[in-house]
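So you can see what is in the structure, the chains are spelled out below.
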Amino acid sequence: EYLSYISVATLLMSDSFEYSLFSEGVKNSPQYVPLYQGWALLEMRDGNHQAARKLITEALTRNKKNGHGWRVAAEIEEADGNFGLVSLLLRRGIECAPGDAELYRALGDHLAGRGKFNDARAVYEKGMELNPTHAPLYHSLAELEARLFNVEGLALLNKRALQIFNRNALEPTSFSSTNSARVHSRRKPTLSRSIAVLAEKIVNDEENSETQITTPSSSSDPAATLDKVADNLIEGLLEDI
């Protein structure tokens with residue numbers, strides 16, 4: 001029944017109905033943590049940060065190993081301008097739910113947004129170490145490296161990703177494959193097309209001629225060349241979001 005409460009609350013336009021449904025849902029299923037999380041997000045959306053904070057505290061009290069709860073708690077504090085608490089909550093969430101890959105991504109994104117690029121990179125890499133097939137972590141790290149014009153970092157990231165992801169994920173599945181093989185192939189996580197193509201091009205250029213990106217000819221403008229590469233990378237990332 002609580003699933004229908006969430007579905008109907010999402011579809012209805014009236015806040016009063018949404019609040020009533022969440023209230024009834026919690027009353028009927030007090031141990032169902034996603035109800036508290038959804039209600040907390042509703043309160044945050046309406047600017048009721050104190051009520052949102054109380055609800056997410058209830059959720060975390062019931063299940064502190066639910067990574068989404070810690071992310072909601074961090075969102076609430078960020079919306080309320082308490083940026084110092086965001087990092088603390090996300091780090092605490094990682095302690096309680098170390099297998100939640102999105103916690104690493106959220107913390108990395110927060111740190112990058114605060115200009116702590118080295119710390120952000122370390123968090124992304126730690127998350128990738130523990131969750132090597134979580135593609136969004138690769139996307140976030142690639143976006144950070146592109147933002148910093150770190151072409152070498154992008155090339156290394158691509159090499160690392162190709163060791164994990166199916167290199168031919170973008171190619172059509174062969175008609176000669178068995179049904180079980182096709183199903184297995186579809187379930188494999190894939191790396192962003194733009195990141196794979198652009199970063200692999202960088203690797204190939206480096207192997208062939210010390211790369212024109214990092215060692216432009218004397219007739220070209222090095223800064224303009226690097227800016228163009230970064231623009232192409234960022235444009236590709238945006239297309240995949």
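The structure under discussion appears in the preceding block.
What you are looking at is a predicted structure, and each value in this text was computed from that prediction instead of being measured.

**Looking at the packing of helix 3 (residues 33–45) against helix 5 (residues 67–79)**
Then step 1. It is the contact of helix 3 with helix 5, at a shortest axis distance of 10 Å, that shows an interaxial angle of 10 degrees. Taken together, the axis directions place helix 3 and helix 5 in an arrangement best described as roughly parallel. The residues of helix 5 that touch helix 3, namely those facing Gln37, Ala40, Leu41 and Met44, are His68, Gly69, Val72, Glu75, Ile76 and Ala79.

**Things to note about the nonpolar core**
Then step 1. Core analysis: the largest hydrophobic core is formed by 46 residues, its most contacted members being Ala40, Ile56, Ile76 and Tyr124.
Then step 2. In contact with Ala40, other than residues within four places in its own chain, are Ala52, Leu55, Ile56, Val72 and Ile76.

**Remarks on the pattern of salt bridges**
Then step 1. Counted by the stated rule, this structure contains nine salt bridges.
Then step 2. Salt-bridge contacts for Asp80 lead to Arg53; the nearest nitrogen and oxygen are separated by 2.9 Å. With Asp80 in the loop between helix 5 and helix 6 (83–96) and Arg53 in helix 4 (residues 49–62), the pair connects residues that are 27 residues apart, well separated along the chain.
Then step 3. Overlapping salt bridges, with partners in common, bring together Arg53, Glu77 and Asp80 in one network.

**Focus on the environment of Leu21**
Then step 1. Tracing the sequence through the fold places Leu21 in helix 2 (residues 15–28).
Then step 2. Between the C-alpha atoms of Leu21 and Trp39, which are 18 residues apart in sequence, the distance is 9.4 Å.

**Quick notes on the packing of aromatic side chains**
Then step 1. The final tally for this structure, using the stated rule, is two aromatic pairs.
Then step 2. On the basis of an interplanar angle of 15 degrees and a centroid distance of 6.5 Å, the ring pair of Phe22 and Trp39 is categorised as stacked. You can see Phe22 sitting in helix 2 and its partner Trp39 sitting in helix 3, a full 17 residues away along the chain. For the pair shown, Phe22 and Trp39 are each scored as buried.

**Side note on the side chain of Arg71**
Then step 1. Note on placement: Arg71 falls in helix 5.
Then step 2. Residue Arg71 is classed as buried on the basis of its relative accessible area, which comes to 19%.
Then step 3. A polar contact is formed between the side chain of Arg71 and the side chain of Asp100, at a distance of 3.0 Å.
Then step 4. Those residues within four positions of Arg71 in sequence are excluded, and the remaining contacts are Leu90, Asp100, Glu102, Leu103 and Ala106.

Criteria and thresholds
- Residues numbered from 1 in each chain as written.
- Predicted model: local features only at pLDDT ≥ 70, side-chain atom pairs only at ≥ 80, totals over all residues.
- Heavy atoms only, no water.
- Axes fitted to C-alpha atoms, helices over the stretch in contact; angles between N-to-C directions.
- Helix = DSSP H or I, 4+ residues; strand = E, 2+ residues; numbered from the N terminus.
- Parallel < 35°, antiparallel > 145°, perpendicular 65-115°, else oblique.
- Contact = heavy atoms within 4.5 Å.
- Core = buried A, V, L, I, M, F, W, Y, C linked by side-chain atoms within 4.5 Å.
- Buried < 20%, exposed > 50% of the residue type's maximum accessible area, 1.4 Å probe, protein only.
- Salt bridge = Lys/Arg side-chain N within 4 Å of Asp/Glu carboxyl O.
- Phe/Tyr/Trp six-rings, centres within 6.5 Å; stacked < 30°, edge-to-face > 60°.
- Polar contact = N/O pair within 3.5 Å; in protein donor to acceptor, adjacent residues only side chain to side chain.

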